[in-house]
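# Breakdown of the fold
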Amino acid sequence: MAEIRVELRDFTDSILGNLDITSSDDFPLSLNYQNFDIRDFNSRSGSFSKTFKVPATRNNNKLFNHIYKDGNIDSKNVLKDLPSTIYADHLPIMNGKLRVTQIYKNTDVLEYECLFLADNMDWADKIKNADLDELRFSSTYYSSYENISSSSWVFENPRTTYPAYTFNHDKLVYPLLTVGEGDNTTDSTLDSDFVPCVYIKNVWDKIFQAQGYTVSSTFCNSDFFKNLIMPLIFKKPTDVTDVSFGKVLQSADEELVEFDTAVNTSVNDNRSLGNQSYTLSLGYTGGDFTLPFIVSADTLTDDAPSQAGEDTDDYGNAQLGAEHTGGIKNGLVVSSQGSGLFNIKGSVTVEVETDGASFASALGLSFTQYKAVASIIKFTGADDDTNSFDVVATGTTDATTINHVYASTNEHQFNFQLESPVEAAQNDKFAIKVDFVHINTPLQGAERPKIKFITKAQSYLQIEQTSAYFNGEEIKNIHNMLPKGKQSDFVKGLAQMFNLQFETDPISKTVYVEPYDHFYESTSNAVNWTEKVDYSKEIKDEFLFDIKSKLIFKYKDASGDGLLDKYNKRNAVDWGSYEETDTSGKFQTGEYKVENSYFSPTFNWYEPNYIYNNHIERSPLVPMYFSDDTDISLTGAIERPEKEFEIGARILLKDGGYYSSFNGKRQWQYYDPDNLAGGNSLPDYSWNKASFIAFDNLISSTSQSTPAINTLSQATISNGYENVDYNLSFSDINHDTVISSSQQKLRGLFYNYYSKMIAQLKQNPRVKVLYLNLSKLDISKLDFRKLIFIDGSYYRLNKIIDFKPHDKQSTKVELQEYFLLGKSDIDTTVDIDVENLNM
């Protein structure tokens, strides 16, 4: 009989001592070992528990801190799960946790009932109940997880910041995403359209580091894995966001200027910016001219009312500014406790009245032309410097040109809606500016028109703080911005995507991780167990009735994603999923679903609201997260739902340096061609892209003005073993190349990480169950990466059941035959028609 020993350790891994057990012969010990059960594609560990009793010896009472005594305080946490290891003849057989569940006593304590919980990957047990927000992040380099000192980030310029992943150096990256209505009123982007993301590997490494483990993996150190990113739930906390700052309002109609061109008149209104003056004399031939005016704001309304009993105007509000010298009326003032990103919006109605008698000019001109233009401006100089300002936003309604017939009276209204985000500091001043623009010159002659310029009541200007961050703003508590979930769900989600297999060495604290195709070592390293077969017990082949004829691989359903819901209702296969029906008859009829425990798919398509007209012929292909259904046509400015940052857990693959094409023409993928960085002749835009599915890629050009033509290149990235496509869908994707009549195929997750395993399973859909004479040494050297050789065939180890190290008897073992097959050639791809997506 083997000598059994149960060693207890404290939570710092210091040895507390060995439990006294009744005897090694009577100790009820049977151990199970499992890594990946072929019956359950989501299984990645072998967990079990065993209950036994130990006597209340002096040693055990001391180890359990005399917890049997009434009123004794558990100061050493012995009622918690104590780290423990079971030894057989000094060989470590299993690591786990020991928990005291009951105490038996009469006048004296008699014995303790203990529960031993084990997992051949003990780190997996530790993260089952650990939330992701328990992880800590730092914007500075740190040497180990224990030494992380929390520090804040600064929201950096996303067009110039896209760093590579670095171990023990947390970083944020900023790809272009769309989560709702854009902040810019034009077809282009602002910094707030770049949502910060964290590296998947950053979170992955941190989870294992927190448990004291190191991951050894070719796949997890590949370019592919290092470029996986996850968007943050990037929304300011409500305690620092105030969206009710009030507004300034024009309470009554106001005549800005009236001039009668029938007499010798100088147009010189004291409210025009810069007191601009035009003398419209009898012989005026000055051509076009523009008179700019400031819209009056004489009433302050809704000035940040209390919300839930609290005054919320600490971060900024609307005020009437002091009247500028030179007669310029009151504008809007931002009063804030510091700089910030604000949303400024306004509405103005301008009325122009003209009156003219009969016109008998020798020139034969019978009308004049004019229009009005509105914009929001920010004053950049002193109060009395009315010529120093920047235009923040212009009206969304185009200024129509009006023809005034001299022989009639005309009245026309222009209606403008204005809105734009703006970075503002304390006491910055804003106003609405309207321009009267006279188009042509027929003001000469005996009878010229009278022109009156009026702004109407209820014109207003309002400012409010946005829920997004702005360039240069501090970002705190990154861990609170991670999508909600358990650390175990995050790890299982990645394992499901890439069919990851795990082997843990508890001594060196190393976790070996690879995809199925590359996890198992070559046949030359197989362990020969032929001589260990116990032929006195039956050998059977157990058919896998758990696996059904229809296989479905999919992501977690995304709640409240309008585009995914719409696509899934109109297409046979959900976005990002893979479905295959086997017709061989080897599997029972039904569905076998493998669903992700954490990540949801991302709908990405061409965003027509993000265009830079000088260089972009086609909108960029970007991730789209919309709470409601919306049109995704390729042309025109499309209204989007309100911004919604609660998009759940998503995973993207960042890429860059590629371009889109349309009708055989090249264009810039993203996205500020006029922003040249680092003295380069080409713009620094290429790293601001991430996608769930990427296609239409063209190789880089050496010239912005003369890009290369017909240089279609399907971009790939190395996963450590092979080059794979930019496709996180389980399905392969066939899509139009646009510049040619052929299609490209992007291989998906099923083909790259599951098809070989499924092909092996189809070859022999059963598990061999037999009994082997395994020794304690066999178990101590157990490595799931090594294949098992028995009687000329190779197997992967599925399970070891009820190994009893103290008892010399054979052990039940499950094996799955391992065939050296290539990847599946089944072609069940999803066709993506670039021009006519079925939405």
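Remember, it's a predicted structure, so these values are computed and weren't measured experimentally.

## A short note on the overall build of the protein chain
For the protein chain, the count of helices and strands is ten helices and 51 strands. Here the protein chain holds 839 residues, and the buried ones make up 54% of them. Within the protein chain, contacts between residues separated by at least 24 positions form 75% of all contacts whose residues are at least 6 apart in sequence. Summed over its atoms, the accessible surface of the protein chain is roughly 34,600 Å², and 44% of this surface lies on carbon and sulfur atoms.

## Considerations on the packing of helix α3 (residues 200-210) against helix α5 (residues 487-498)
Helix-helix packing: each pair is described by the crossing angle between the helix axes and the interaxial distance. Between α3 and α5, the least distance of the axes is 11 Å, while the angle of their chain directions is 125 degrees. When the interaxial angle is binned, α3 and α5 end up oblique. For the pair α3 and α5, the crossing hand works out as left-handed. Here I200, V203, W204 and I207 of α3 lie close against α5, whose contacting residues are Q487, F490, V491 and L494. Grouping the constituent residues of the contact of α3 with α5 by class yields seven nonpolar, one polar and no charged.

## So, the nonpolar core
Counting residues in hydrophobic clusters, the biggest one holds 165 residues, and the most contacted among them are F41, W204, F490, F599 and F603. Sort the elements by how many residues they give to this core and α5 lands first, with six residues. Among residues more than four places away in sequence, those in contact with F599 are I200, M230, F490, G493, L494, M497, Y555, K556, A649, R650 and I651. Counting 32 residues, the second largest nonpolar core, distinct from the first, contains A374, I376, I451 and I463.

## Let's talk about the pattern of salt bridges
Should their charged atoms come close, side chains of opposite charge can pair. Summed over the entire model, instances satisfying the criterion amount to 27 salt bridges. A salt bridge links K768 to D541, with the shortest nitrogen-to-oxygen separation between them at 3.4 Å. Taken together, the residues K768 in strand β47 (residues 766-772) and D541 in strand β33 (residues 540-543) connect sequence positions 227 residues apart. For the salt bridge of E591 with K550, the shortest nitrogen-to-oxygen distance reads 3.9 Å. Placement of E591 in strand β36 (residues 588-595) and of K550 in strand β34 (residues 548-554) is noted, with a sequence separation of 41 residues between them. Of the residues examined, K550 reaches a relative accessible area of 24% and is grouped as partly exposed. Because the salt bridges share partners, they merge into one network encompassing D253, E351 and K456.

## Comments concerning the side chain of E503
Along the chain, the position of E503 falls in strand β30 (residues 500-505). One buried charged residue, E503, remains without a salt bridge, the closest side chain of opposite sign being R785 at 5.5 Å. Among the polar contacts made by the side chain of E503, one reaches the main-chain amide nitrogen of F784 at a distance of 3.1 Å. Apart from the residues within four sequence positions on either side, E503 is in contact with T510, V511, Y512, F519, L782, D783, F784 and R785.

## A closer look at the sheet that holds strand β12 (residues 228-231)
Strand order in this open sheet of five strands is β9-β10-β12-β39-β42, and the pairing throughout is antiparallel. Each having just a single partner strand, β9 (172-173) and β42 (689-691) make up the two edges of the open sheet. Across three bridges, the pairing between strand β39 (residues 652-655) and β42 is antiparallel. Looking at the pairing, D655 lines up with K689 of β42. On the sheet, α3 packs against β10 (197-199) and β12 and is oriented at approximately 55 degrees with respect to β10.

## A word on the pairing of β30
Burial of β30 is extensive: five of the six residues sit out of reach of the surface. Across six bridges, β30 lies against strand β31 (residues 510-515) in antiparallel orientation. Counted as the bridge partner of F502 is V513 from β31. Between β30 and β31, which follow one another and run antiparallel, lie four residues, and K509 among them has a positive phi close to 55 degrees.

## Description of unusual backbone geometry
Even without being a glycine, N65 presents a positive backbone phi close to 55 degrees. By the element assignment, N65 lies in the loop between α1 (58-63) and β5 (82-88).

## A word on the packing of aromatic side chains
For the structure shown, the criterion picks out 36 aromatic pairs. Ring geometry for F414 versus F416: centroids 6.5 Å apart, planes at 10 degrees, classification stacked. Note on F416: relative accessible area 2%, which makes it buried. Through a chain of ring-to-ring contacts, the aromatic side chains of W123, W204, F208, F219, F224, F225, F498, F502 and Y753 assemble into a single cluster. The residue whose ring lies beneath K53 is Y104, and the NZ or CZ to ring-centre distance is 4.5 Å. The ring of Y751 has R747 sitting right over it, with the charged end atom 3.8 Å from the ring centre.

Conventions and cut-offs
Residues numbered from 1 in each chain as written. Predicted model: local features only at pLDDT ≥ 70, side-chain atom pairs only at ≥ 80, totals over all residues. Heavy atoms only, no water. Helix = DSSP H or I, 4+ residues; strand = E, 2+ residues; numbered from the N terminus. Buried < 20%, exposed > 50% of the residue type's maximum accessible area, 1.4 Å probe, protein only. Contact = heavy atoms within 4.5 Å. Areas by Shrake-Rupley, 256 points an atom, 1.4 Å probe, with all protein chains shown as cover. Axes fitted to C-alpha atoms, helices over the stretch in contact; angles between N-to-C directions. Parallel < 35°, antiparallel > 145°, perpendicular 65-115°, else oblique. Left-handed = near helix turned anticlockwise from the far one by under 90°. Nonpolar A, V, L, I, M, F, W, Y, C, P; charged D, E, K, R; others polar. Core = buried A, V, L, I, M, F, W, Y, C linked by side-chain atoms within 4.5 Å. Salt bridge = Lys/Arg side-chain N within 4 Å of Asp/Glu carboxyl O. Lys, Arg positive; Asp, Glu negative; His and termini not counted. Polar contact = N/O pair within 3.5 Å; in protein donor to acceptor, adjacent residues only side chain to side chain. Pairing = 2+ DSSP bridges. Phe/Tyr/Trp six-rings, centres within 6.5 Å; stacked < 30°, edge-to-face > 60°. Lys NZ or Arg CZ within 6 Å of the ring centre and 35° of its normal.

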